[in-house]
Amino acid sequence: MSLIDEQLDFSRVADTFLAHGSMQSPAFLDGRLCARLALADITADTWLEEVCAALGVEQPNSREDGEVLLAWRRQALDALAAPELNFEPLLPDDLFSLAERAHGLQEWTQGFLEAIVEAGGQSDDWSPALREVLEDLGSLVNLEIELEDNAENENDLFALTEHGRMAAMLLYTEQHPGQPQVERVENPEGDDTVTPPSQTH
């Protein structure tokens, strides 16, 4: 199966990091990726350069590793632009402890907000709803997260994750009026290509 069709999860990307000698979590870079895609896009080449710099390498170890890193970007962009509003941050899943998942969300939030600050911070044109959810995320960055595995904490983490999800989707939709809206055209080989709404070149 082509990586274009494969749904990448946190563990797959983390394994690719490990293959490059990095123990860092992909969550921080995913937060940066989502914010940058929402604000002004980030090209595939630029994204690959940023990830390689974070991993301390000049280029991916293999073609397959490079495909994983590029598919990561494409997956995030497709989800942010999809009319189904099914975007999900790349975070540790249920295989990880609640504390590890909470820490992953915190790292994702740090990356997301850092990219916004680097781009110039909040805009006067942003809606009150977007501003509010970003403020909520800002408070999450400074929380001491040591969660025990129980139903109450599970629900709290779910709610916080929803804040991150909504922040990314709100930021994308406000920066891309009329979206999420993409046309998927299936070519004769069966590969999906994404055609953005009409653009002038």
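So, how was this worked out
Residues numbered from 1 in each chain as written. Predicted model: local features only at pLDDT ≥ 70, side-chain atom pairs only at ≥ 80, totals over all residues. Heavy atoms only, no water. Helix = DSSP H or I, 4+ residues; strand = E, 2+ residues; numbered from the N terminus. Buried < 20%, exposed > 50% of the residue type's maximum accessible area, 1.4 Å probe, protein only. Contact = heavy atoms within 4.5 Å. Core = buried A, V, L, I, M, F, W, Y, C linked by side-chain atoms within 4.5 Å. pLDDT = per-residue confidence, 0-100. Expected span 1.5 Å × (residues − 1). Polar contact = N/O pair within 3.5 Å; in protein donor to acceptor, adjacent residues only side chain to side chain. Salt bridge = Lys/Arg side-chain N within 4 Å of Asp/Glu carboxyl O. Axes fitted to C-alpha atoms, helices over the stretch in contact; angles between N-to-C directions. Left-handed = near helix turned anticlockwise from the far one by under 90°. Nonpolar A, V, L, I, M, F, W, Y, C, P; charged D, E, K, R; others polar.

### Focus: the overall build of the protein
Helices and strands together make up the secondary structure of the protein, namely seven helices and two strands. When burial is assessed residue by residue, the protein has 42% of its 201 residues classed as buried. Long-range contacts, defined as pairs at least 24 residues apart, comprise 69% of the intrachain contacts of the protein with a sequence gap of at least 6.

### Description of the nonpolar core
Counting 50 residues, the largest nonpolar core has Trp72, Phe112, Ile116 and Leu134 as the members making the most contacts within it. If you list the elements that add at least two residues to this core, you get helix 1 (10-19), helix 2 (26-39), helix 3 (44-55), helix 4 (63-81), helix 5 (98-118), helix 6 (128-141) and helix 7 (151-175). Looking at which element gives the most residues to this core, the answer is helix 4, with nine residues. Contact partners of Leu134, with chain neighbours within four places excluded, come to Phe112, Leu113, Ile116, Gln122, Trp126 and Ala167.

### Points about the confidence of the model for the protein
Of all residues in the protein, 85% have pLDDT values of 70 or greater, and the mean over the chain is 85. Predicted confidence for residues 182-201 stays below pLDDT 50, and this span has 21 contacts to residues more than four positions away or in other chains.

### Structural notes on helix 2
Taking 1.5 Å per residue as the helical rise, helix 2 with its 14 residues ought to reach 20 Å, and the 20 Å between its terminal C-alpha atoms agrees with that figure. Those residues of helix 2 not exposed but buried are Pro26, Ala27, Leu29, Asp30, Gly31, Arg32, Leu33, Cys34, Ala35, Leu37, Ala38 and Leu39. At its buried positions, helix 2 is contacted by helix 1, helix 3, helix 4, helix 5 and helix 7. Its side-chain oxygen placed 3.0 Å from the backbone nitrogen of Ala27, Ser25 serves as the N-cap of helix 2.

### Examining the environment of Ala19
Turning to its location among the elements, Ala19 is positioned in helix 1. For Ala19, a relative accessible area of 44% puts it in the partly exposed group. Along the primary structure Ala19 and Asp65 are separated by 46 residues, whereas in three dimensions their C-alpha atoms are 8.5 Å apart. Beyond its immediate stretch of four places on either side in the chain, Ala19 contacts Asn61 and Asp65.

### Some remarks on the pattern of salt bridges
Here the structure, examined in full by the defined rule, presents 12 salt bridges. The residue Arg12 makes a salt bridge to Glu64 at a minimum N-O spacing of 3.2 Å. Note that Arg12 is positioned in helix 1 and Glu64 in helix 4, a separation of 52 residues in sequence. Assessed through its relative accessible area of 22%, Arg12 is described here as partly exposed. By relative accessible area, Glu64 is classed as partly exposed at 47%. Residues participating in the shared-partner salt-bridge network are Arg32, Arg36, Glu50, Glu114 and Glu118.

### Observations regarding the packing of helix 2 against helix 5
Between helix 2 and helix 5, the least distance of the axes is 6 Å, while the angle of their chain directions is 35 degrees. Handedness of the helix 2/helix 5 crossing: right-handed. For the pair formed by helix 2 and helix 5, the contact residues are Ala27, Phe28, Asp30, Gly31, Arg32, Cys34, Ala35, Arg36 and Leu39 on the first element and Gly104, Glu107, Trp108, Gln110, Gly111, Phe112, Glu114, Ala115, Ile116 and Glu118 on the second. Tallied by class, the residues present in the contact of helix 2 with helix 5 amount to nine nonpolar, four polar and six charged.

### Concerning unusual backbone geometry
Residue Asp41 is not a glycine yet carries a positive backbone phi of 70 degrees. Within the secondary structure, Asp41 is located in the loop between helix 2 and helix 3. Unusually for a residue other than glycine, Leu85 sits at a positive phi of about 55 degrees. Locating Leu85 in the fold gives a position in the loop between helix 4 and helix 5.

### Some words on helix 7
Spanning 25 residues, helix 7 covers 36 Å between terminal C-alpha atoms, matching the ideal 36 Å at 1.5 Å per step. Every buried residue of helix 7 is accounted for by Asn153, Leu157, Thr161, Gly164, Arg165, Ala167, Ala168, Met169, Leu171 and Tyr172. The inward-facing, buried residues of helix 7 abut helix 2, helix 4, helix 5 and helix 6. Sitting at the amino-terminal end of helix 7 is Asn150, which places a side-chain oxygen 3.2 Å from the backbone nitrogen of Glu152.

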